[in-house]
Amino acid sequence: MPSARKLVRLMAAALLAAAPGRTGAQGADPYMRGIELEQADKLPDAARAYREALRRTPGSLPAILGLERVLAQQGHTDSLLPVLDSAIAVQPRERGLRSVQLRAVHSLGDRDRLRAAFERWRRDWPRDVAPYREYAKLLIQDGDATAADSVLRRARGELGTSRGMEAELAQLQASAGAWALAAESWRAAMASQEYLAQAAIFSLMPTPALARPAVRGALLAAPPSVPSRRIMAGLELAWGSPRDAWSVLRDLPRDSATLSAWLDFARRAEESEAWLSARDALGAAFAQTRSAEYAVRAAADALSGGDAASALALSRDATSLLDSAAVASLLLTTEVRALSLLGRAAEAQTLLSSYDRRLRPDQRLRLTRALAWGWVKAGDIGRAEELLRGLGDPRSGGEAAAWIALFHGDLGAARRALTFSSESSPDLVVALALLARTKADSAPIVGRAFLALAQGDSARAATTFEEAAAALPDAASLLTAASARIRTARHEIPKAIALWRELALEHAEAPEAPEAHLEWARALRRSGDERAAIERLEYLILTYPQSALLPQARRELDLARAAVPSTP
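These numbers come from a predicted model, not from an experiment. (Residues numbered from 1 in each chain as written. Predicted model: local features only at pLDDT ≥ 70, side-chain atom pairs only at ≥ 80, totals over all residues. Heavy atoms only, no water.)

Visitor: What exactly am I supposed to notice about the overall build of the protein here?
Guide: Helix and strand counts for the protein come out as 34 helices and zero strands. Expected size for 568 residues packed as a compact globule is a radius of gyration near 24 Å; at 31 Å, the protein overshoots this value by more than 25%. When the backbone C-alpha atoms are referred to their principal axes, the protein occupies close to 85 × 70 × 45 Å. Looking at the protein as a whole, 49% of its 568 residues are labelled buried. Residue pairs in contact within the protein that sit at least 24 positions apart in sequence constitute 51% of those at least 6 positions apart. Surface summary for the protein: the accessible area is close to 27,100 Å², and the carbon and sulfur share equals 53%. Here the protein carries 73 positive and 68 negative side-chain charges, and the mean point of each set is 4 Å from the other. (Helix = DSSP H or I, 4+ residues; strand = E, 2+ residues; numbered from the N terminus. Rg over C-alpha atoms; globule rule 2.2 N^0.38 Å. Buried < 20%, exposed > 50% of the residue type's maximum accessible area, 1.4 Å probe, protein only. Contact = heavy atoms within 4.5 Å. Areas by Shrake-Rupley, 256 points an atom, 1.4 Å probe, with all protein chains shown as cover. Lys, Arg positive; Asp, Glu negative; His and termini not counted. Charge placed at Lys NZ, Arg CZ, Asp CG, Glu CD.)

Visitor: Teacher, can you tell me more about the packing of helix α2 (residues 30-39) against helix α4 (residues 61-74) here?
Guide: Packed helices, taken two at a time, are described by the angle between their axes plus the distance between the axes. One way to put it is that α2 packs onto α4 with a least axis distance of 10 Å and a crossing angle of 30°. One way to sum up the angle between α2 and α4 is to call them roughly parallel. The two elements α2 and α4 cross, and the hand of that crossing is left-handed. Every residue of α4 that contacts α2 at Y31, I35 and E38 is listed here: P62, A63, G66, R69, V70 and Q73. By residue class, the composition of the contact of α2 with α4 is five nonpolar, two polar and two charged. (Axes fitted to C-alpha atoms, helices over the stretch in contact; angles between N-to-C directions. Parallel < 35°, antiparallel > 145°, perpendicular 65-115°, else oblique. Left-handed = near helix turned anticlockwise from the far one by under 90°. Nonpolar A, V, L, I, M, F, W, Y, C, P; charged D, E, K, R; others polar.)

Visitor: Would you take a moment to explain the pattern of salt bridges for this structure?
Guide: Oppositely charged side chains are able to pair whenever their charged atoms sit close together. For the structure shown, the criterion picks out 34 salt bridges. One salt bridge connects E347 with R344, and the closest N-O pair in it is separated by 2.8 Å. Members of the salt-bridge network, linked through shared partners, are R230, D264, R267, R268 and E271. (Salt bridge = Lys/Arg side-chain N within 4 Å of Asp/Glu carboxyl O.)

Visitor: What am I meant to see in unusual backbone geometry here?
Guide: Negative phi values dominate among residues other than glycine, just as trans dominates among peptide bonds. Looking along the chain, the bond that leaves A222 and enters P223 is cis, with omega of -5°. As for its placement among the helices and strands, P223 is situated in the loop between α13 (212-219) and α14 (226-238). Within the chain, E273 stands out as a residue other than glycine whose phi angle is a positive 60°. Here E273 is to be found in the loop between α16 (256-271) and α17 (275-289). If you check the backbone angles, R290 has positive phi at about 60° while not being a glycine. We classify R290 as partly exposed; its relative accessible area is 45%.

Visitor: Looking at this model, I keep getting lost on the packing of aromatic side chains. Mind explaining?
Guide: To describe a pair of aromatic rings, you give the distance between the ring centres and the angle between the ring planes. Under the counting rule described, the total for this entry stands at four aromatic pairs. Between Y31 and Y50, the aromatic rings sit 5.9 Å apart at their centres with planes inclined by 45°, giving tilted as the arrangement. Within this pair, whereas Y31 is found in helix α2, its partner Y50 is found in helix α3 (residues 43-56), the two being separated by 19 residues in sequence. Residue Y31 shares its accessibility class with Y50, and that shared class is buried. Through successive ring pairs, a cluster of aromatic residues spans W246, W262 and F265. (Phe/Tyr/Trp six-rings, centres within 6.5 Å; stacked < 30°, edge-to-face > 60°.)

Visitor: I tried to follow helix α33 (residues 530-543) on my own but got confused; where do I start?
Guide: Quick reminder: α-helices carry 3.6 residues per turn. Residues three or four places apart thus point the same way. Between its first and last C-alpha atoms α33 spans 20 Å; for 14 residues at 1.5 Å apiece the expected length is 20 Å, and the two agree. Residues of α33 that are buried: E530, A533, I534, R536, L537, L540 and I541. All buried residues of α33 project into a common sector of 170° when viewed along the axis, lining one side. Turned more than 90 degrees away from the buried face of α33 sit R531, E535 and L542, all of them exposed. (Expected span 1.5 Å × (residues − 1). Arc of directions from axis to C-beta.)

Visitor: Is there a simple way to explain the environment of A346 in this structure?
Guide: Structurally, the position occupied by A346 is in helix α22 (residues 345-354). We classify A346 as partly exposed; its relative accessible area is 46%. Sequence separation between A346 and A378 is 32 residues, and the spatial gap between their C-alpha atoms is 9.2 Å.

Visitor: So what exactly am I meant to see when it comes to the confidence of the model for the protein here?
Guide: The predicted coordinates ought not to be read in detail in places where the model reports low pLDDT. For the protein, per-residue confidence averages 84 on the pLDDT scale, and 91% of positions sit at 70 or higher. By mean pLDDT, the top-scoring element of the protein is α17 (96), and the lowest-scoring one is helix α1 (residues 4-18) (48). pLDDT under 50 marks residues 13-27. Its contacts with residues more than four places away, or in other chains, come to 18 contacts. (pLDDT = per-residue confidence, 0-100.)

Visitor: Explain helix α8 (residues 130-141) to me, please; I cannot follow it from the model alone.
Guide: Between its first and last C-alpha, α8 extends 17 Å over twelve residues, near the 16 Å set by a 1.5 Å rise per residue. Across the twelve residues of α8, ten count as buried, placing the element largely inside the fold. Looking at the packing, one finds that the buried side of α8 touches α6 (95-107), α7 (111-124), α9 (145-159) and α10 (166-175). Taken from the residues just after α8, G143 is the one with a positive phi, measuring 80°.

Visitor: In this structure, what is going on with the side chain of S277? I would like to understand it.
Guide: Inspection of the secondary structure puts S277 in helix α17. In contact with S277, not counting residues within four places along its chain, are P242, R243, W246 and F265.

Visitor: What's the story with the side chain of T438 in this structure? I'm lost.
Guide: Position of T438 among the secondary structure elements: in the loop between α27 (426-437) and α28 (444-454). Of the residues examined, T438 reaches a relative accessible area of 3% and is grouped as buried. Only 3.1 Å separates the side chain of T438 from the side chain of D474, close enough to count as a polar contact. For T438, the residues in contact, after removing those within four places along its chain, are L411, R415, L472, D474 and A475. (Polar contact = N/O pair within 3.5 Å; in protein donor to acceptor, adjacent residues only side chain to side chain.)

Visitor: What is the right way to read the packing of α13 against α14 from this model?
Guide: Interaxial distance between α13 and α14 falls to 9 Å at its minimum, and their mutual angle equals 155°. In this view, α13 runs roughly antiparallel relative to α14, as classed from their interaxial angle. Contact residues: α13 offers V215, R216 and L219, while α14 offers S228, I231, M232, L235 and E236. When the residues that make up the contact of α13 with α14 are grouped by side-chain class, the tally is five nonpolar, one polar and two charged.

See below:
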C-alpha cells in the first residue's frame, strides 16, 4: 500500500492537474498553493497558504485537513486547535471538523481534553452516532478496551441503538475473545461498509481453532451475504485453508457483486501463493464474463500451482478469444510449458514452430529450455540434449541442462549449474538441498531416482530414493524424507509411517527430523490414535522450539486435544 506521503503527492498531482488557470506556487488560490508547496515539502510555506485559505473560507474542511497534515509533520499539532475552534464555530454541523479535532487532541495525549471535545460534540449533536464512534475508535487504538466499551454502552443507552457502531463493537469483542459475537458484529458492519473487509479479516484472524466453527456459523448464516463471505474467504486463506476459502464463494449468485468478490479473492489467493484456488476463482470469473484476461491469469496460476492439465485447457480457452500476436505475447509460454510438463513434447515443439517468427530471441531461448524439459518428461533425454546443443553455448541450456546432468548422476556438474529459479518446485528444492548436503560428485542411482520422479513414475522414484539413501550416507535423511513424502502422497501409509519413524528416531539431529515427527503424528491421527499423536506433537514442540513447523504442530495438537476432551 502506498505511504501516506505518497498518497498526498498523488492527490496533489491530480488536484493541480485539474485546477483551471493555476499560476504556480504564487497563484491566486491559496489552497491550491498550499497543496503545491506541501508536495514540494515546503511545509512552513504550505501551512501559511492553508491558513490563508481558511481566512478566505472559514470552516473549509480541505484546508483544515491540509493544515493538519503539515502541522503534524512539523510537530506543531497543538497550534491546530484554535484554528479548529474557529472553523467549528462557522461550520458546527461538519462532522469532518469534529473528527479532526478529536484526532488532534488525541495526538497530544491529553485524555481529559479528549473527553471534553467528545462531550461538546455529543451535546451539539445529541442524536448522532458519530461522536461515540470516533471517540471509541481512538480509545481502541490506545488499547483501552474498557473505556471504549463504556462509550459504546453509553451510546446504546442514549441513542437506543448500536447501529453505525458495529465495527467498533466488533473490535472490542474480538479483543475480549468473544469471537462469534465479533463475527456477528462484523457481518452487520459490512452490510453498509464493505470497505471494512480487511479490518474484519485482521480482527478475526487470531481466532483459535476451537472457536473457528462458531465464527464460520456467524459469517455463513442464511441468508447468504457476499460481504460476510468475503471476510470468511479471507480468514480461511489466512488460516491456511485455501480450498475451504474458495468453497465459501463458489456458489454465490452470478452477479456483479459476486464477480467482484471472486476477483478480490483471486488477488488475495495469488498474494498468498494459493495458486489453484486463485485459478478456480478466475476460472469462474471467465465462465461468467468470457474475458480473456481472466483465462490468461487463471492459466498462469494453474501452472504455478502444478496443474499443467488445467493450465493447458484455460490457455486454449483464452486462445480462442485472442489474435495470434496476443497469443504469442500472453499465452505461448504457458501453453508450451504446460505441454512440456505433461510430457507432450511433440505437441509443444509443433506449437513453438508455428509461432517461431513472432518470438523474440530471449523468449525463444526460454521456450526451448521448456521444450527440452518436455522431452525429459517424455522419457527422451537424447532429444532434450540434442535440442540444448542446438542453442550453441552449453550454458544456454540453463536449468534443463543442469537437470540432465543430475539425471546422469553427474552431481558435480549439476551442483555448478543448478540454482533456484523463478519457477521453483518441490523437486528443485530437494535437488538443491541434496547437492548442498553431499560431497559426492557422482551418484548414478540418485540420478535415476530424480529421473523417475520427473517422468511421473512415483513408485520407482520412492524405491530408488530409498536405495540412494543407503548409497549416500551424508544425505541419507534427506533422501529418506523424499521417499517418505512420495509414499505419503501415494497413500502408502504403513510404508510412509515406517520411513517417518526411522527419520524421527535414527536421524534426530537432521533437518528433516521435525517434519518426520509432524508427519508421523498426522499419520497417527488418521489412524484414530489421537493420544499417541498428542505425545508425538508435544515432543516435537518441546524438542525443536525453533522449527518453522511449530505453527502447524500446534494446530494439529489443538485438533488432537479437541478429539480427546479429557486431555488437559
